[in-house]
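Residue-level structure breakdown
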Amino acid sequence: MSFIDSLFAGLQLVGNVEAFLALGIGVVIGVIGGAIPGMSATMAVALTLPFTFSMSPITGILLLLGVYKGGIFGGSIPAILIKTPGTPASSATVLDGYPMAENGQAGKALGMALWASCTADLISNLALIFFAGFLASFALSFGPPEFFTLILFSLTIIAGVSGDSLLRGGLSAMLGLLLATIGLDLVYGTNRFTFGNPNMMGGLNFIAVLIGLFAIPEILSMVWNPSSHDGVARSLGKNKVTFKEYQRSFKSIVRGSFIGVFLGSIPGIGAAPSAFLSYSEARRKSPNRENFGKGEIEGVAASEAGNNGVAGATLIPLLALGVPGDVITAIIMGAFMIHGLQPGPMMFILNVDVIYGLFIGLIVSSVFLFFVGSVAIRGFKYVADIPRGVLFPAVLVLCVYGVFAVNNNIFDVGVMFAMGAVGFVMMRYKVPAAPFLIAFILGPLLEDNFRQSMLMSGSSGWVLFRGPITWFFWTLTAITVFAIVRAGIRATRQTSVPTP
Amino acid sequence: MEDRSIQIQLGIGAIAASVFLISVAIPFWVSSPSNVPNIILSPLFWPNVLSALTGLIGAGLILTSVVRPRPEQAAKSDVDDRPAAFRRLAIMAVIMTATVLVMPRLGLVWTAMVTFVATAFLVKTKHPRSALVCAVLIPLVLYVFFAHIAGVAIPQGDFVRLP
């Protein structure tokens, strides 16, 4: 199929009111979800997922992508107005956004955040369109040993960079992998940890585990400390961002977008490091560097470009290799599977219309984000004023309905609550939840590819080193482990030195 | 809680989990056919490898906290009244358990209403009237969506049935 044919096939799929409406509603939900302190883009996507079951695959996935895009931008609104980042990725925006709000320039800061977000989002989407197909064609030559080493590398980097330490991330990933072994064995069909319960034979439900890990712990945190997430919102002021200011920050926006694209395309790194790297690069290169941290508009532009630049790029490993780039894309991968689609290189052959439909939808989402974002900036006060004592019980009820709706099974609701307790303990013990979830999703793939490799080779381990691709991923894994361990040792040495 | 204490507790927990899995859980709750040609292909292999790695990570956590401890910081609690916080968590656990147990008899909609009210009052909502209104409206709206639009068979319970 030529490029034009694929494009028309995609247009045919998304060229209807329903798809664009879903995308628009998704952006609105995402912006609101991201803007509410205590909620997050991840939680918003997770809670929206059950509503997509009755939709066509493309409409449902566009809805989720809209929530994702909106959520990442939405996080910047409370970061600027109440010094509380709505998402971890917006932490860098606080550095200059809040001082600007204190100086009565909140409207200007939010305007720049929106312009920078939309520009970075567009660049990131274009990068996805250009690189995903290329990477997928390369990945078509992958066999089970290559996929095994790729997934192992992804898990290593996700475990290493998601939390404070590689060991805690590793522990989280191990727990996820262990939980994924529950159910019938992939090859022999024998029971593994099912305890004779038929509900467990198919393994634990992904949505129950996901919502349990990411939404219930937030509710339990609210129960633990009901006065958390309180803040005082600053007024917008009468200043608006000018085209001249956008032009002055353009270099930082483009640089931040490319940093986001690069870091986003590596599984596991996520938006927060990208936002901080983009911010520090902008400060290093800017003529106004002494103004950074005191309310510099270029700082807001750089951090927002850094975190939004990731949003499209995280879909590159998902669509091209079938490996999620972060937690949100892991949820979106779950949505693909629920709708009977398997992300990965074969999707570019079997479901090329869906791929191009998504590309078209993503480009349009940047436009939607601009309009929805403009309105959301003005409407934030109403969102921020939603009482937490009403919001969180509502989220709890939404979780119960959503998880029940997956299989019409009350057992799944119990699993969600159990996973919520696990997630809360992990949160208290500073064990990152992202490696757990991604390992839970990738676990069966990892085991399946390992066992297929062993079947292919008559149980010889050398098959896992059979060619340049496997060696490439083994080398990357070794470099990652070495770099993370070295960084950890350095950090420990620095903190061990007593300050005079 | 201090970083070092967290690290040691996590390490001990991981080793305990690993020992339990290898010595009890896997032998009793993972079954394998007797004619598996190679141990690597056995359904037991993967859980055993993961359990062993969990134990190794646990040992690593303990080792790093003992060999190179991070400087102790004064423990700073995130809540003023910890016993009250634990009490609230215990009540929340009861609410969650009751939600699962009561749902088949009471139905999802009515259970959700009760759960909403109980949670709102547990976190001492400053807007009790809004909470009550939302406790009735939100489960009903969700019922309409899931039952009549998405076609999900929402449990109705034994008492009051909705159209």
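Residues numbered from 1 in each chain as written. Chains lettered and ligands numbered in written order. Predicted model: local features only at pLDDT ≥ 70, side-chain atom pairs only at ≥ 80, totals over all residues. Heavy atoms only, no water.

A closer look at the overall build of chain B
In terms of helices and strands, chain B carries 5 helices and 0 strands. By principal-axis analysis of the C-alpha atoms, chain B measures approximately 60 × 55 × 25 Å. Put simply, chain B has 163 residues, and 39% of those count as buried. The contacts in chain B between residues at least 6 apart in sequence include a share of 59% that link residues at least 24 apart. Accessible area for chain B stands at about 9,100 Å²; split by element, carbon and sulfur atoms hold 69% of it. Taken together, the 12 basic and 7 acidic charged side chains of chain B have centroids lying 7 Å from each other. (Helix = DSSP H or I, 4+ residues; strand = E, 2+ residues; numbered from the N terminus. Buried < 20%, exposed > 50% of the residue type's maximum accessible area, 1.4 Å probe, protein only. Contact = heavy atoms within 4.5 Å. Areas by Shrake-Rupley, 256 points an atom, 1.4 Å probe, with all protein chains shown as cover. Lys, Arg positive; Asp, Glu negative; His and termini not counted. Charge placed at Lys NZ, Arg CZ, Asp CG, Glu CD.)

Notes on the overall build of chain A
Across its full length, chain A holds 22 helices and 2 strands. In summary, chain A has a C-alpha radius of gyration of 22 Å against a globular reference of 23 Å for 500 residues, a match within 12%. Taken along the three principal axes of its C-alpha coordinates, chain A extends 70 × 65 × 45 Å. Among the 500 residues that make up chain A, the fraction classed as buried is 62%. In chain A, the share of contacts with a sequence separation of at least 24, taken over all contacts with a separation of at least 6, comes to 79%. Summing over all exposed atoms, chain A offers an accessible surface of approximately 18,000 Å²; the carbon and sulfur share of this is 67%. If the 27 positive side-chain charges of chain A are averaged to one point and the 22 negative ones to another, these points end up 11 Å apart. (Rg over C-alpha atoms; globule rule 2.2 N^0.38 Å.)

Considering the packing of aromatic side chains
Residues and elements named next belong to chain A. The tally for this structure, following the rule as stated, stands at 26 aromatic pairs over all chains. On the numbers, 5.8 Å between centres and 65° between planes, the contact of Tyr-246 with Phe-250 is edge-to-face. With Tyr-246 and Phe-250 both in helix H12 (residues 243-264) and 4 residues apart, the pair spans about one turn of that helix. Residue Tyr-246 is classed as buried on the basis of its relative accessible area of 12%. For Phe-250, a relative accessible area of 37% gives the class partly exposed. (Phe/Tyr/Trp six-rings, centres within 6.5 Å; stacked < 30°, edge-to-face > 60°.)

A word on a nonpolar patch on the surface
The grouping of Phe-3, Ile-4, Phe-8 and Leu-11 of chain A at the surface amounts to a nonpolar patch, some 420 Å² of accessible area in total. Mapped onto the elements of the fold, Phe-3 of chain A is located in helix H1 (residues 3-14). (Patch = residues over 30% accessible without salt bridge, like charges linked within 9 Å, V, L, I, M, F, W, Y side chains within 5 Å. Salt bridge = Lys/Arg side-chain N within 4 Å of Asp/Glu carboxyl O.)

Examining the packing of helix H4 (residues 57-74) of chain A against helix H16 (residues 327-338) of chain A
Residue and element names in this part refer to chain A. Close contact between H4 and H16 brings their axes to 10 Å; oriented N to C, the two are set at 170°. Considered as vectors, H4 and H16 are oriented roughly antiparallel to each other. Taking contact as the criterion, the partners of Ile-61, Leu-64, Leu-65 and Tyr-68 in H4 are, on H16, Ile-328, Thr-329, Ile-332, Ala-335 and Phe-336. Residue composition of the contact of H4 with H16, grouped by class: 8 nonpolar, 1 polar and no charged. (Axes fitted to C-alpha atoms, helices over the stretch in contact; angles between N-to-C directions. Parallel < 35°, antiparallel > 145°, perpendicular 65-115°, else oblique. Nonpolar A, V, L, I, M, F, W, Y, C, P; charged D, E, K, R; others polar.)

Observations concerning the nonpolar core
The biggest cluster of nonpolar side chains holds 173 residues, and the ones touching the most others in it are Val-209, Ile-211, Ile-332, Tyr-401, Met-416 and Leu-437 of chain A together with Ile-154 of chain B. Top contributing element to this core by residue count: helix H19 (residues 388-407) of chain A, with 13 residues. If you look at the next biggest cluster of nonpolar residues, it comprises 31 residues, including Ala-101, Leu-110, Val-241 and Val-372 of chain A. (Core = buried A, V, L, I, M, F, W, Y, C linked by side-chain atoms within 4.5 Å.)

Some remarks on the pattern of salt bridges
Residues and elements named next belong to chain A. For the coordinates displayed, the defined rule picks out 11 salt bridges over all chains. Salt-bridge contacts for Glu-245 lead to Lys-108; the nearest nitrogen and oxygen are separated by 2.8 Å. With Glu-245 in helix H12 and Lys-108 in helix H7 (residues 106-139), the pair connects residues that are 137 residues apart, well separated along the chain. Residue Glu-245 is classed as buried on the basis of its relative accessible area, which comes to 15%. Linked by salt bridges that have partners in common, Asp-185, Arg-192, Glu-447 and Arg-451 make up one network.

Concerning the interface of chain B and chain A
If you look at the interface, chain B gives 77 residues, while chain A gives 63 residues. It is Leu-41, Trp-46 and Met-96 of chain B that lose the most area in chain B upon contact with chain A, and together they represent 12% of the buried surface on that side. Here chain B is connected to chain A by 0 salt bridges. Where chain B meets chain A, there are 11 residue pairs in polar contact (both at pLDDT 80 or more). When contributions to the side of chain B that touches chain A are tallied by element, the ones reaching two or more residues are helix H1 (3-29), helix H2 (45-67), helix H3 (82-106), helix H4 (108-122) and helix H5 (128-149) of chain B. Here the side of chain B that touches chain A is composed, by residue class, of 54 nonpolar, 16 polar and 7 charged. (Buried area = accessible area lost by both parts, 1.4 Å probe. Polar contact = N/O pair within 3.5 Å; in protein donor to acceptor, adjacent residues only side chain to side chain.)

Some details on the domain arrangement of chain B
Taken domain by domain, chain B comprises domain 1 (3-67) and domain 2 (82-149). Distance from the C-alpha centre of domain 1 of chain B to the C-alpha centre of domain 2 of chain B: 38 Å. (Domains from an automatic or database assignment.)

Here we look at unusual backbone geometry
Residues and elements named next belong to chain A. A positive phi is found at Phe-195, a non-glycine position, where the angle reads about 55°. For Phe-195, the position within the fold is in the loop between strand E2 (191-192) and helix H10 (206-214). Although it is not a glycine, Ser-459 sits at a positive phi angle of roughly 70°. Mapped onto the elements of the fold, Ser-459 is located in the loop between helix H21 (434-457) and helix H22 (468-496).

Let's talk about the environment of Cys-118 of chain A
All names here are of chain A. Position of Cys-118 among the secondary structure elements: in helix H7. Along the sequence, Cys-118 and Phe-370 sit 252 residues apart, while their C-alpha atoms lie 6.2 Å from each other. In this structure Cys-118 touches Ser-366, Leu-369 and Phe-370, once residues within four positions along its chain are discounted.

Points about the side chain of Thr-470 of chain A
In this fold, Thr-470 of chain A is placed in helix H22. Within the local environment of Thr-470 of chain A, its side chain forms a polar contact with the backbone oxygen of Gly-467 of chain A, the two atoms lying 2.8 Å apart.

Brief notes about the environment of Leu-318 of chain A
Residues and elements named next belong to chain A. The topology assignment puts Leu-318 in helix H15 (residues 315-321). Of the residues examined, Leu-318 reaches a relative accessible area of 0% and is grouped as buried. Linking Leu-318 and Gly-30, residues 288 residues apart in sequence, is a C-alpha distance of 20 Å. Not counting residues up to four positions away in its chain, the partners in contact with Leu-318 are Val-323, Pro-324, Thr-329, Ile-332, Met-333, Phe-336, Pro-343 and Gly-344.

Quick word on H4 of chain B
Along its 15 residues, H4 of chain B runs 20 Å from first to last C-alpha, staying within 8% of the 21 Å computed at 1.5 Å per residue. The complete set of buried residues in H4 of chain B reads Leu-108, Val-109, Thr-111, Ala-112, Met-113, Thr-115, Phe-116, Thr-119, Ala-120 and Leu-122 of chain B. Buried residues along H4 of chain B sit in contact with helix H11 (216-224) and H19 of chain A together with H3 and H5 of chain B. (Expected span 1.5 Å × (residues − 1).)

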